[in-house]
Amino acid sequence: MRIYDTLSRAKVDFQPLDPDHVRIYVCGPTVYDYAHIGNARPVVIFDVLVRLMRRLFPKVTYVRNITDIDDKINARALESGRDIREITEETAKVYHEDMAAVGALPPDVEPRATEHVTQMITMIENLIAKGYAYEAEGHVLFSVPSMANYGRLSKLDRREIVAGARVDVAPYKKDAQDFVLWKPSDLEAPGWASPWGRGRPGWHIECSAMSYEYLGDKFDIHGGGVDLVFPHHENEIAQSKCALGADAFATYWMHNGYLMSEGEKMSKSLGNFYTVHELLEEFPGEAIRLLLLQTHYRQPLDFTKAGIAEARRTMDRWHRAADGVDPDSPVAQTVMDALADDLNTPKAIAELHQLSTSDPAGFLASARFMGLFGQSAEDWLKWQPPKSVGGLDDAAIDALIKERVQARQNKDFATSDRIRDDLASQGILLEDGPAGTTWRSG
């Protein structure tokens, strides 16, 4: 098993701290709004990684957090007039449903920030006691100059960081780079009692405290999107190593590349901002998953609706090839080899194309291993958008097919053709064969 380690900027052999127990932490969602397709990419990528690790090692613990303390959540609550807990609960529920729809298994542990504030306060107290943090005007800040090798992950030096304006300037900071561990809360914001007054934790300390709670002071892999390298992951390293020891925290760092949408940076103003929830109203989840896996995880991905449509057509062909095949077969070694080479999912998918014609049983086992083929060929080919025109369900379609069969028997071909064309206009394609008429979504 080889992975690309962001810290060393090299592809390395994966050597677990404990060969009997691999431990992985991935940054999860901030639950103030529906997850967009860029949020889904790391979920799908690290889902494949965990599936592979579980095949290679006796035990894997996968932790992915939920950030439910954040100023974006507070702003959404004020803007909407809704309760913060109501917003986070509803958003987390939709997130779980959407990620399941794209074939992602749930993590072993999914800690919420609101349930671990005590652990965060303890870690902050530890940082103050060791001289790495200080209190100022109700805030507690990490002193970046106190850590000699700050910036190793992002490879930025202190002058670049300040010049790039990637830090918040505040009069209570001793150094422009210092970042917030704790901040005061007004009456409108959620707050917890602390030695520094009523307040709430900063974003970075949340992941440091939760990873330590469930994976200990050392674990194998920390993952997330490349956009988190700085400042989030850099600051996690600083907090955790200074609080727990110089050799603490993650051994390897894995990051997926940026996502573009329809050839440009995704934004609502450009009309190319897609939430997973919206896309699932138009496309089946496994087509979205396949598209996300067709590009190597470290490369930028241009996500387009045309790409999902093509991925769906690929899944259509694959389902026909594997229909009726016994899935009780080992995963093809060629697929395992591709995934073990830094999650080379494009190579694994190329192998699936070969297997679909040469070894249907191995193909089906391998595709399922990658999180595809969660339903039968019949169910897949009959899939319709939940809000499809006319809102026809299976029973209604079957009734129209029976009506068409009767019309054909009565030689009423005008009615027969009308039913066929009406169904086709709603994305329902009829296929007449020796065994009768079947339908699929087209």
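The preceding data block contains the structure.
Let us look at the structure shown here. Please read these numbers as outputs of a predicted model, since none were measured by experiment.

1. Comments concerning the overall build of the chain
Part 1 of the reasoning: Within the chain, the regular secondary structure consists of 16 helices and 15 strands.
Part 2 of the reasoning: Its C-alpha atoms give the chain principal-axis dimensions of roughly 90 × 50 × 35 Å.
Part 3 of the reasoning: Relative to its full complement of 442 residues, the chain shows a buried share of 51%.
Part 4 of the reasoning: The contacts in the chain between residues at least 6 apart in sequence include a share of 74% that link residues at least 24 apart.
Part 5 of the reasoning: If you sum the accessible surface of the chain, you get close to 19,700 Å²; carbon and sulfur atoms cover 50% of it.

2. Digging into the packing of helix 4 (residues 117-129) against helix 7 (residues 229-244)
Part 1 of the reasoning: Remark: helix 4 packs on helix 7, axes separated minimally by 9 Å, with the N-to-C direction vectors making an angle of 70°. As the angle between them shows, helix 4 and helix 7 are arranged roughly perpendicular. Our pair here, helix 4 against helix 7, has a crossing hand that is left-handed. Residues Met123, Asn126 and Leu127 of helix 4 form the contact with helix 7, whose own contacting residues are Gln239, Cys242, Ala243 and Leu244.
Part 2 of the reasoning: Grouping the amino acids of the contact of helix 4 with helix 7 by side-chain chemistry returns five nonpolar, two polar and no charged.

3. Quick notes on the sheet that holds strand 10 (residues 249-256)
Part 1 of the reasoning: Here we have four strands laid out as an open sheet, ordered 4-3-9-10, and parallel in their pairing. Both edges of this open sheet fall to strand 4 (60-64) and strand 10, since each of them pairs with a single strand only. For this sheet the average axis-to-axis angle between neighbouring strands, irrespective of direction, equals 20°.
Part 2 of the reasoning: As judged from the seven bridges shared by strand 9 (residues 218-225) and strand 10, these two strands associate in the parallel manner.

4. Focus: the pairing of strand 5 (residues 133-136)
Part 1 of the reasoning: In the sheet, strand 5 pairs with strand 6 (residues 139-142) via four bridges, with the strands oriented antiparallel. Looking at strand 6, one finds that Tyr134 is bridged to Leu141.
Part 2 of the reasoning: Hairpin connection of strand 5 to strand 6: two residues between the antiparallel strands, including Glu137 at a positive phi of 55°.

5. Re the side chain of Glu286
Part 1 of the reasoning: Assignment of secondary structure puts Glu286 in helix 9 (residues 285-293).
Part 2 of the reasoning: For the buried Glu286, which has no salt bridge, the nearest side chain bearing the opposite charge is Arg289, at an N-O separation of 7.2 Å.
Part 3 of the reasoning: A polar atom in the side chain of Glu286 sits 2.9 Å from the backbone nitrogen of Phe373.
Part 4 of the reasoning: Not counting residues up to four positions away in its chain, the partners in contact with Glu286 are Ala101, Met315, Gly371, Leu372, Phe373, Gly374, Gln375 and Trp380.

6. Considerations on unusual backbone geometry
Part 1 of the reasoning: With an omega of 5°, the peptide bond running from Phe230 to Pro231 counts as cis.
Part 2 of the reasoning: As for its placement among the helices and strands, Pro231 is situated in helix 7.
Part 3 of the reasoning: Notably, Glu137 is not glycine yet its phi reads approximately 55°, a positive angle.
Part 4 of the reasoning: Within the secondary structure, Glu137 is located in the loop between strand 5 and strand 6.
Part 5 of the reasoning: One non-glycine residue, Lys155, lies in the positive phi region at around 60°.

7. Structural notes on the pairing of strand 1 (residues 2-5)
Part 1 of the reasoning: The two faces of strand 1 differ: Ile3 and Asp5 on one face are buried, but Arg2 and Tyr4 on the other face are not.
Part 2 of the reasoning: As judged from the four bridges shared by strand 1 and strand 2 (residues 10-13), these two strands associate in the antiparallel manner. If you follow Asp5 over to strand 2, its bridge partner there is Ala10.
Part 3 of the reasoning: Here strand 1 hands over to strand 2 after four residues, with Arg9 in that stretch at a positive phi of 55°.

8. A word on the packing of helix 6 (residues 203-215) against helix 7
Part 1 of the reasoning: Axis separation between helix 6 and helix 7 bottoms out at 8 Å; the angle between their running directions is 55°. With respect to helix 7, the axis of helix 6 lies oblique. For the pair helix 6 and helix 7, the crossing hand works out as right-handed. Listed contacts from helix 7 to Trp203, His204, Ile205, Cys207, Ser208 and Tyr212 of helix 6 are Pro231, His232, Asn235, Glu236, Gln239, Ser240 and Leu244.

Rules and cut-offs
- Residues numbered from 1 in each chain as written.
- Predicted model: local features only at pLDDT ≥ 70, side-chain atom pairs only at ≥ 80, totals over all residues.
- Heavy atoms only, no water.
- Helix = DSSP H or I, 4+ residues; strand = E, 2+ residues; numbered from the N terminus.
- Buried < 20%, exposed > 50% of the residue type's maximum accessible area, 1.4 Å probe, protein only.
- Contact = heavy atoms within 4.5 Å.
- Areas by Shrake-Rupley, 256 points an atom, 1.4 Å probe, with all protein chains shown as cover.
- Axes fitted to C-alpha atoms, helices over the stretch in contact; angles between N-to-C directions.
- Parallel < 35°, antiparallel > 145°, perpendicular 65-115°, else oblique.
- Left-handed = near helix turned anticlockwise from the far one by under 90°.
- Nonpolar A, V, L, I, M, F, W, Y, C, P; charged D, E, K, R; others polar.
- Pairing = 2+ DSSP bridges.
- Lys, Arg positive; Asp, Glu negative; His and termini not counted.
- Salt bridge = Lys/Arg side-chain N within 4 Å of Asp/Glu carboxyl O.
- Polar contact = N/O pair within 3.5 Å; in protein donor to acceptor, adjacent residues only side chain to side chain.

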